[in-house]
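# Results of the structural survey
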Amino acid sequence: MTSRIVSLFSTLRTHKKKTIFFSSCLALLVDYGLKQKRDSDILEVYCKEAQKIGRQTISADSKPRRVTVLLNGFAKDGKARKLFENNALPLLNLAGLEVNVLKVESADKLETVAGALDKQEADALYVVGGDGTLSRVLTGVFNNRTTPALPIGVFPGGWNNESLLKLAPSVFGLSNRANVRWFCESAMALINDTHKPVHVFKVDSQTEEGNVKTVYALSNTHGGWFRNIEEKKYKNWYWFRLKRRFTYFWETLKASPKPIVANIQYESFCPGCNKCRSAAPAKAVVAAPQWRWWHVITGTPRYASPEQQRPRRDYSTIVNDNCGAVQEVIVSTTDLLVENVQEEDCSRLRISAGGEGLGRLGVIGEGWSRCGNDATVRSHTENFYSFDADASKVNIEFSQLPEKCEVFSVSGDRIDVSKGPVGVETVSQPIELYLPEIFSFGANVNAS
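Residues numbered from 1 in each chain as written. Predicted model: local features only at pLDDT ≥ 70, side-chain atom pairs only at ≥ 80, totals over all residues. Heavy atoms only, no water.

### Quick word on the packing of aromatic side chains
Counted under the stated rule, the structure contains 14 aromatic pairs. On the numbers, 5.2 Å between centres and 15 degrees between planes, the contact of F142 with Y216 is stacked. In this pair, F142 is assigned in helix α5 (residues 131-144) and Y216 in strand β7 (residues 212-217), connecting sequence segments 74 residues apart. Judged on exposure class, the residue F142 and its partner Y216 are both buried. A cation over a ring is seen here: R181 above F439, with NZ or CZ 4.0 Å from the ring centre. Geometry around F384 places R370 over its ring, the cationic atom sitting 5.4 Å from the centre. (Phe/Tyr/Trp six-rings, centres within 6.5 Å; stacked < 30°, edge-to-face > 60°. Helix = DSSP H or I, 4+ residues; strand = E, 2+ residues; numbered from the N terminus. Buried < 20%, exposed > 50% of the residue type's maximum accessible area, 1.4 Å probe, protein only. Lys NZ or Arg CZ within 6 Å of the ring centre and 35° of its normal.)

Take a look at the structure:
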């Protein structure tokens, strides 16, 4: 036995390359094992909490909440399904929810199913996928209904999950990549019925046939050289942590950035005044409880729809002379961004254009700066954007559009902006979204 140990150390000393290789493999294996153990321990804590909720007694007239899960089978190259089944689905089952999983294999089916679901089939909708999946679901909902029928939960099963990062930064913004705590917290928000109203925006673009394509989304509309490069980073996966930096270098080396020239007409944002919101504030509506004979034994029934009791703000005394004012500007840019920013009871569009005059080195430098700041959409560089304005409605016409910039991103979805003007507008009707406010067990629990 001693001779074998001596022989092993002798081999490692004389074959340094093999030693380095096998040592690296062993280190990766140990790190993977520790990560799996840590994730398992975290999931166990959440499972115990969900189990406590599932064991709570309910009244005789109550039924388990029905949750329909829309699972995008292609999200994250098919990995989202396994992540959901291993992390969120056990929590939903342990909490006593009635779960119906629908695996959808196409974007058109996502829109169709999301638009058809109502309170007869489910009490809540849970979307498994990324920003593109969520955008398709919202498009299906708003294209078929004036008022969303079901509150929506989102499992972070995409590559970027920008919508969740913006809407719940205290949870999803503390890490630059999805982890087991993200998955569990999204499920616990649904289990605990933690939701709030959020406002979407819509984008109208022209198709090749001359029709109007309408897309609803939550986070942003982004186009230009930086969006084009960010989209191609996944092809360079073999560069691992350096794939973004390499992609900026390689794509800029192949093509020199040419500016986008666009005419932007926008309606100035108004947070609310007696002109745009002339209706009197609605009184709190409380649905009367429906009595049944067994309530003599079980007690008074609960009031339905507590969200209906939210009072509306009175705008009748607020005056804004700039409400509805239309502005126009011509921009030359390499980066064009329209963000949907949530306000108290509405949302606004933040239009940003910048990076004009950047050559190859300028784009590489700015791109590497975004890599260092974990920024995929908005630049952190001071004075990068030469134009920045708030609006409620935007119309963009392109007079110069490089071929590589003809496709814009709408919250992960793709639209072709080369066929005609693009309109972006906020939507007044909110949708209830299940969102965690803080970590259930404190932010100091180790994440993956």
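### Considering α5
In an α-helix, one turn spans 3.6 residues; hence positions three or four apart end up facing the same way. Here α5 is 14 residues long and its end C-alpha atoms lie 20 Å apart, about the 20 Å a rise of 1.5 Å per residue gives. Of all 14 residues in α5, 11 are buried; the element is thus mostly enclosed. D131, T133, L134, S135, R136, V137, L138, T139, G140, V141 and F142 are the residues of α5 that are buried. (Expected span 1.5 Å × (residues − 1).)

### Some thoughts on the pairing of strand β16 (residues 422-426)
Along β16, four of the five residues are buried, which leaves the element largely enclosed by surrounding structure. As paired elements, strand β6 (residues 201-206) and β16 share four bridges and run antiparallel to each other. Paired with V203 across the two strands is V424, which belongs to β16. (Pairing = 2+ DSSP bridges.)

### Some details on the pattern of salt bridges
A side chain of one charge can pair with a side chain of the opposite charge if their charged atoms are brought near each other. Taken as a whole and assessed by the stated rule, the structure comprises 21 salt bridges. Across the pair K233 and E230 runs a salt bridge, and its minimum N-O distance is 3.0 Å. The residues K233 and E230 share a single accessibility class, namely buried. (Salt bridge = Lys/Arg side-chain N within 4 Å of Asp/Glu carboxyl O.)

### Quick word on unusual backbone geometry
In this structure, K76 is a non-glycine residue whose phi angle is positive, near 55 degrees. The class of K76 is buried, set by a relative accessible area of 17%. The phi dihedral of D193 is positive, around 60 degrees, even though this residue is not glycine. Structurally, D193 is set in the loop between α8 (180-191) and β5 (195-198). For D193, a relative accessible area of 39% translates into the label partly exposed.

### Some thoughts on the sheet that holds β5
Strand order in the open sheet formed by six strands is β2-β1-β3-β4-β17-β5, and the pairing between neighbours is mixed. Sheet topology places β2 (98-104) and β5 at the edges, where each strand pairs with a single neighbour. Neighbour-to-neighbour, the strand axes of this sheet turn through a mean angle of 30 degrees, independent of strand direction. Of the strand pairs in this sheet, strand β4 (residues 152-156) and strand β17 (residues 431-434) are connected by two bridges, and their pairing is parallel. In the sheet register, I152 faces β17, and the bridge partner there is L433. With respect to the sheet, α8 is in contact with β1 (66-72), β3 (124-129), β4 and β17, its orientation differing from that of β4 by roughly 170 degrees. (Axes fitted to C-alpha atoms, helices over the stretch in contact; angles between N-to-C directions. Contact = heavy atoms within 4.5 Å.)

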